[in-house]
Every structure is written in structure tokens, then in C-alpha cells.
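# Report on the structure
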Amino acid sequence: MSESERRLQDSVGETPVVPPDIDTTRPSVARGYDFALGGKNNFEIDRLAVDALTNVFAGALPLARDNRGFLRRGVRYLVGEAGIRQLIDVGSGLPSAGNVHEVAHELDPAVHVVYVDVDPIVLAHARALLADNNTTTVIQANAADPVSILEAPETQEFIDFDKPFAVLLSGILHHLNDDQDPVGVTRTFKDRMPSGSYLLASNFLDDDDPRAKAAERAFIDGGFGTGRFRTWDEHRRYFDGLELVEPGLTYANDWQPDGHTPGDSPWHTFYAGGVGRKP
Ligand SMILES: C[S@@+](CC[C@H](N)C(=O)[O-])C[C@H]1O[C@@H](n2cnc3c(N)ncnc32)[C@H](O)[C@@H]1O
């Protein structure tokens, strides 16, 4: 384990320590999301960018928890009901608890997970968290370049491409700009999947509410630089060629809700999610 990983591991759940290779002069989506989830691995620059958002989007922080809930239910479905044993989690972030491999391993400790993120702080955090885990790995790659994810040596080692696998795109496609072709990204993943594989996607939604445009500007201009709110039609295209699992593409909180899903989240109409199966 490197010095930065050791220092970050020491910081998990406590006061953050700045690993030497982390840029704290610019806000990071991963660290801002960590702040929204009540984590400690964030800095003032990240919190200011979140404030720029909540000035427009007051009371919206629970959206981060709602998204984690959707992802947890999705992973439980994929492993528990669909029988998937291999997961590629793109834009995985650095939550201190309830990570995809933890949710999956509650159901089957043999599930393989490849975490992917572009942010070096996520890599340091994940390597510290996964130090003793031989079913789960992490790579640094850009979601806009899915071939680099599929061809990475760790992915090739952990994923058997002849067997069904799932690609998780939770809270990540909205961080790709239109010229990075998020629909094309999903197509590349789907093309590599054998029949019986799954794609999960959840992202910001523009459901014809003018506040979505304001929130999008706050994301893009407020420091993070990314954060597109896309229409239902744009979301639907992510699932082209797939059979949507019930109840289809919905507000994320309406997707197979369980006893933990809030019924009254005021911003739930700004977030859509779905899971599709390759026939
Ligand atoms: C909102 S968080 C979502 C975390 C997690 N998937 C979830 O749903 O809770 C977005 C994550 O995507 C990462 N990210 C942003 N742009 C990315 C890109 N182009 N390629 C890979 N990861 C990216 C960020 O670093 C961050 O960790």
C-alpha cells in the first residue's frame, strides 16, 4: 500500500488527511458526493461547490442517498434474483459504507466486482478498502472511453466475458457531456455483453421542470463542470436493445422500492433509473 493510500485509510471515518497526489484546488465530484452522503473525505473547495448547488437546489442533498438506495436495490436484484456474479461499476465513487461489493457479498461472497473511477482519490480510497479482498479490484479509467475499461488487464482478469455480467452506470452518465456520447458508451458495453447480461443506469432527469435547467447550470458553472439533466427520451436510449426489468424506466425511488425507500422525497422527480437485460 502506498503512503497516500495508507494516509487515506487512516482518515476513513475521521478527519480527512490530504494525500499528496490529490488536487484540492478544484472541486471533485467524488468528494462532493461523499460530502452529500455525510462522509469525511472532502475538502472546503468541494463543500463550496455543493453549496453553489444547494443555493439553487435547496433540500436536494437527499437525492444522493436516494441514488445509493436505487443502486443497492439494483445490485440486490442483479445478484439475488437475476443470478449475476460479475459486476463492472463505472464511476463508483468513494462511499465509506454500502459499497457495491459489500451489497453483493451479503448475497454471495464470490461475486466479482471491478470498480472504475477517473478520480485518483477514489482509487486511493478503494485500494485501502479492498486491501484484503481478492474478488474485487479497482481501475482508474474514463467512462467516456469504455473500450479502455473493457480491455484493462484487471477487467480481463476479473470478468469472464463468455458469462453474463452487469455494467452499473449509477450517477455517472450525467457527468458525460453530449460530445462524449453517453448513448454510444452504453452501446459499446452492450455490444460486449453475452445474452443474459444487464445494464443498470440512474441519472439526473429533466422531467419538463424549469428547475432542472437551473440545477444543471449550478452543477456546470458552480465548480463541478459537469452534470447534465436529460429527458426521459434520452434516458430510454441507454436501454435500446434491452428488455427493461419491471417496473421499467422510472423515477429512481419508484424502482422496486423497499422499506428503506422514502415515499416523500421532494426532489425524486429529478432522478431516473432502470435496469435492462440483454435478450
Ligand atoms: C455521483 S458519483 C456516483 C457514485 C456511485 N456510482 C453511486 O451511484 O453512488 C459519480 C462518480 O463518477 C466519477 N466520475 C465522474 N466523471 C467520470 C468519468 N468521466 N469517468 C469515470 N468516472 C467519473 C466521479 O469521480 C464520482 O466518483
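In short, a report on the structure. (Residues numbered from 1 in each chain as written. Predicted model: local features only at pLDDT ≥ 70, side-chain atom pairs only at ≥ 80, totals over all residues. Heavy atoms only, no water.)

## Thoughts on the site of the ligand
Just so we agree on the cut-off: In this text, near means that some heavy atom of the residue lies within 4 Å of the molecule or strand in question. A 3.5 Å cut-off defines polar contacts: any pair of N or O atoms within that distance qualifies, except that in protein one atom must be a possible hydrogen donor and the other a possible acceptor, and neighbouring residues in sequence count only when both atoms are side-chain atoms. Using a 1.4 Å probe, the Shrake-Rupley method yields the accessible areas, and only the shown protein chains count as cover for residues. Secondary structure follows DSSP: runs of H or I at least 4 residues long count as helices, runs of E at least 2 residues long count as strands, and numbering of each begins at the N terminus. Nonpolar residues are Ala, Val, Leu, Ile, Met, Phe, Trp, Tyr, Cys and Pro. Charged residues are Asp, Glu, Lys and Arg, and all others, Gly as well, are polar.
Near the ligand you find 20 residues, and of these Tyr-33, Arg-68, Gly-91, Asp-117 and Ser-170 are the closest. The backbone of Gly-93 places a nitrogen or oxygen atom 3.3 Å from an oxygen atom of the ligand. Ser-170 is positioned with one of its side-chain polar atoms (N or O) 2.5 Å from an oxygen atom of the ligand. When the ligand sits alone it has 600 Å² of accessible area, and the protein chains cover 94% of it. When contributions to the shell around the ligand are tallied by element, the ones reaching two or more residues are helix H2 (29-36) and helix H4 (62-81). Looking at the shell around the ligand residue by residue, the classes come out as nine nonpolar, eight polar and three charged.

## Thoughts on the pairing of strand S5 (residues 198-204)
Sheet faces and side chains relate simply in a regular strand, where the side chains alternate between the two faces. Applicable threshold: Throughout, exposure labels follow a simple rule: accessible area from a 1.4 Å probe, protein chains only, divided by the maximum for the residue type, with under 20% read as buried, over 50% as exposed, and the rest as partly exposed. A pair of strands is treated as paired once DSSP finds two or more bridges between them. For crossovers, right-handed means that the path from the first strand over the helix to the second runs clockwise, given strands pointing away from the viewer.
In terms of burial, S5 is a largely internal element, seven of the seven residues being buried. Where strand S4 (residues 166-170) lies against S5, five bridges are found, and the strand directions are parallel. Bridging from a neighbouring strand, Leu-168 pairs with Leu-200 of S5. Following the backbone out of S4, through helix H9 (residues 182-192) and into the adjacent parallel S5, one traces a crossover that is right-handed. In terms of strand pairing, S5 meets strand S8 (residues 271-277) through seven bridges, oriented antiparallel. Bridged to Tyr-198 within S8 is Arg-277.

## Let's talk about the packing of H2 against helix H3 (residues 44-56)
Put simply, the rule is: For helices, the fitted line uses only the C-alpha atoms of the stretch in contact; every axis is such a line through C-alpha atoms, and the angle between N-to-C directions lies from 0 to 180 degrees. What sets the label is the angle itself: under 35 degrees gives roughly parallel, over 145 gives roughly antiparallel, 65 to 115 gives roughly perpendicular, and the rest give oblique. Contact between two residues is taken to exist if any of their heavy atoms lie within 4.5 Å; hydrogens are not considered.
Relative orientation of the contacting elements H2 and H3 amounts to 70 degrees, with a least axis distance of 9 Å. Judged by the angle between their axes, H2 and H3 are roughly perpendicular. The segment H2 lies against H3, with Arg-31, Gly-32 and Phe-35 engaging Ile-45, Asp-46, Arg-47 and Val-50. When its residues are assigned to classes, the contact of H2 with H3 shows three nonpolar, one polar and three charged.

## Thoughts on helix H10 (residues 210-221)
Residues spaced three or four apart along an α-helix face the same direction, because each turn holds 3.6 residues. Heads up, the rule is: Each residue after the first adds 1.5 Å to the expected span of a helix.
Spanning 12 residues, H10 covers 17 Å between terminal C-alpha atoms, matching the ideal 16 Å at 1.5 Å per step. Its buried side turned inward, H10 meets H3 and S5.

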